[in-house]
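Read off the chains here:
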Amino acid sequence: MKKLLLPLLALSALATPALAQTGTTQNPNRIDGYGAPVSPSVPVSRAADETTIDIIGGYYQQTGSHGAVEGGRGTQQLTDVPPAIIINVPLDTVSRLSVNVGADFYASASTDRIDFALSTPSAHDVRIHGDFGYSREQKAKGTIWGVGTGVSKEYDYLSFNLAGSFAKTSQDGNRQLSLAGQVFFDQVTLITPIELREPGNGRGKSQYGTDTRQTYNFTATYSQVLTKRLQAAISTELVSQNGLLSTPFHRVYFRDNPAQNTVPTLSDNFIPRFPTAARIENLPRARFKYPVSLRLNYYASDLVQIRGFYRFYNDNFGVVAHTFELELPVKITPFFVAYPFYRYHTQTAAKYFAPFAQHSINDTYYTSDYDLAALSANKVGLGLRYSPVYGIGRFHVPGKNAQGLPRVMRFKSLDVRYANYQQTGSSIYLAADRADLKANIISFDLGFAL
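Values in this document were obtained by computation on a predicted structure and should not be read as measured data. (Residues numbered from 1 in each chain as written. Predicted model: local features only at pLDDT ≥ 70, side-chain atom pairs only at ≥ 80, totals over all residues. Heavy atoms only, no water.)

(A) The arrangement of unusual backbone geometry in detail. Here the phi dihedral of Ala 357 falls at roughly 60°; this positive angle occurs in a residue that is not glycine. Looking at where Ala 357 falls in the secondary structure, it is placed in the loop between β18 (336–347) and β19 (375–386). (Helix = DSSP H or I, 4+ residues; strand = E, 2+ residues; numbered from the N terminus.)

Written out as structure tokens, the structure reads:
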């Protein structure tokens, strides 16, 4: 329950299905974005010499009945409050520094089932993260290069990343090619279900052992202004993962396991789910992903835009996915924009997935994690953005500017979004085995300039 797919952009893709990040313990609603800000840029409508500060946050809540901790049958209830702050500082006329720090405060009913006891430490956790990026522009050549690094930590997970990027813009500003690479070095604590631990292995973190994972991302994007009203961009993000890709506290039950289930019954709330024993989820230690996406922005008029997005995804686990997204920003006033959005996602199941108690003990690899199931998903929502030319308000902060005058912070913009997300399982499964995750997300972005 603490993991999900795709790198999520700030305030734009909360609660999307988990294609890209199986085997991690990262939360499904990372509104802070993914990894280090390798190519810091000036937010739209803000001056290049401004220091910008964005305070972002929200509330995420989901329910469902196919938690992987209990082998594909069990609660998926999760709540998360993920505040973060993003600071973008011009060091001089050509270089910038970006800092992205924050935390996730979450409560997961599914991970409370690792020990089959209410209110265990795994039920609540905090993830802290910090990402730092530096970019430098060569205006005469139309190039920008950047480097970055970051860290993310929670109880059973520690990750470091390094990143680099390069972008080249044509002299007329109508075309751009951008390249970015990022590598993650992860260490995972091997917290296993209570009945599957080695004898004498208690609940102390030092007693579990650890494993590692490395992830290598390469992204290439080509964008072009096609007409006065139409812009297009095509991109790919090639991903290679090596190391632990399964989650050690995910159970898998089998239809033909002769071993007896010895799950302890600690209360009436927790009883053995199946007469025969579970095993720990087991997936290959290498995964390759090959997504390709197309984005189109059409300026229908001065008041209405149409933003379209399509992505094709494939990997060596056997998952094939298609994602469509449409966003329609409409100017209600010159400074107030409403943007309804809709996202549809469909995917096939990984070849290692089967629902609760449908694997055979002869299978080499097995998982009942519904992130890898065949499903479709719909996300619909509405965003509101208010950004007057002279800002919403201003106030003094400590210090003086270059002219010796008191420093003034300007409250430049307010962005609020709500989204509802629902999964529907494929008809290839029995009704009781179909994905049914539902989520509600509200998020905000407070934009400031100094």
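(B) Region of interest: the side chain of Gln 182. Along the chain, Gln 182 turns up in strand β8 (residues 175–189). Judged by its relative accessible area of 13%, Gln 182 is buried. For Gln 182, the side chain forms a polar contact with the side chain of Asn 161, separated by 3.4 Å. (Buried < 20%, exposed > 50% of the residue type's maximum accessible area, 1.4 Å probe, protein only. Polar contact = N/O pair within 3.5 Å; in protein donor to acceptor, adjacent residues only side chain to side chain.)

(C) Molecular detail of the pairing of strand β6 (residues 143–154). As judged from the 11 bridges shared by strand β5 (residues 124–138) and β6, these two strands associate in the antiparallel manner. Along β6, the bridge assignment pairs Gly 130 with Val 151. Here β5 folds back onto β6, and the loop between the two strands holds four residues, one of which, Gly 142, carries a positive phi near 70°. Linking β6 back to strand β7 (residues 157–169) in an antiparallel pair, the connection comprises two residues. (Pairing = 2+ DSSP bridges.)

(D) Geometry of the pattern of salt bridges. What the rule picks out here adds up to 12 salt bridges. Taking the shortest distance from any N to any O, the salt bridge between Arg 113 and Glu 70 comes out at 3.8 Å. Of this pair, Arg 113 sits in the loop between β4 (95–108) and β5 while Glu 70 sits in the loop between β1 (52–63) and β2 (78–81); the two residues are 43 residues apart in sequence, bridging distant segments of the chain. There is no split in this pair, since Arg 113 and Glu 70 are both buried. Of the charged contacts in the structure, one is a salt bridge between Arg 287 and Asp 315, with a shortest N-O distance of 2.5 Å. (Salt bridge = Lys/Arg side-chain N within 4 Å of Asp/Glu carboxyl O.)

(E) Up close: the environment of Ile 114. In this fold, Ile 114 is placed in the loop between β4 and β5. A residue is classified by how much of its surface remains accessible, and Ile 114, at 4% relative accessible area, is buried. Taking C-alpha positions, Ile 114 is 6.5 Å from Val 69, a pair spaced 45 residues apart along the chain.

(F) View of the environment of Ile 441. Turning to its location among the elements, Ile 441 is positioned in strand β22 (residues 438–449). Through-space distance from the C-alpha of Ile 441 to that of Thr 79 is 9.9 Å; in sequence the pair is 362 residues apart.

(G) Here's a closer look at the packing of aromatic side chains. Enumeration over the complete set of coordinates arrives at 12 aromatic pairs. Taken together, a centroid distance of 5.6 Å and an interplanar angle of 80° make the contact between Phe 274 and Phe 356 edge-to-face. One end of the pair, Phe 274, is in the loop between β11 (251–253) and β12 (278–280); the other, Phe 356, is in the loop between β18 and β19, and 82 residues separate them in sequence. Centroid distance Tyr 352 to Tyr 365: 5.4 Å. Interplanar angle 70°. Geometry classified as edge-to-face. (Phe/Tyr/Trp six-rings, centres within 6.5 Å; stacked < 30°, edge-to-face > 60°.)

(H) Seen up close, the nonpolar core. Phe 317, Phe 353 and Leu 372 are the most contacted members of the largest nonpolar core, which totals 16 residues. Within the second largest apolar cluster, 12 residues are counted, among which are Tyr 106, Ala 377, Leu 437 and Ala 439. (Core = buried A, V, L, I, M, F, W, Y, C linked by side-chain atoms within 4.5 Å.)

(I) Seen up close, the pairing of β18. Bridge count between strand β16 (residues 320–327) and β18: seven bridges; the pairing is antiparallel. Counted as the bridge partner of Glu 325 is Arg 343 from β18. Where strand β17 (residues 330–333) meets β18, three bridges bridge the pair, whose relative direction is antiparallel. Within β18, the position partnered with Lys 331 by the bridge is Val 337. Here β18 pairs with β19 via 12 bridges, running antiparallel. By the bridge assignment, Tyr 342 is partnered in β19 with Val 380.

(J) Representation of the environment of Phe 160. Along the chain, the position of Phe 160 falls in strand β7. In the structure, Phe 160 is positioned 31 residues away from His 129 in sequence and 9.8 Å away in space, judged by C-alpha atoms. Each residue touching Phe 160, except ones within four places of it in the same chain, is listed here: Gly 150, Val 151, Val 183, Phe 184 and Phe 185. (Contact = heavy atoms within 4.5 Å.)

(K) Representation of the confidence of the model for the protein chain. Summarising the model, the protein chain shows a mean pLDDT of 85, and 84% of its residues fall at 70 or more. Per-residue pLDDT, averaged within each element of the protein chain, yields its smallest value for strand β20 (residues 393–400) (88) and its largest for strand β13 (residues 286–289) (97). Contacts for the low-pLDDT stretch residues 1–46, under 50 throughout, to residues beyond four places or in other chains number 192 contacts. (pLDDT = per-residue confidence, 0-100.)

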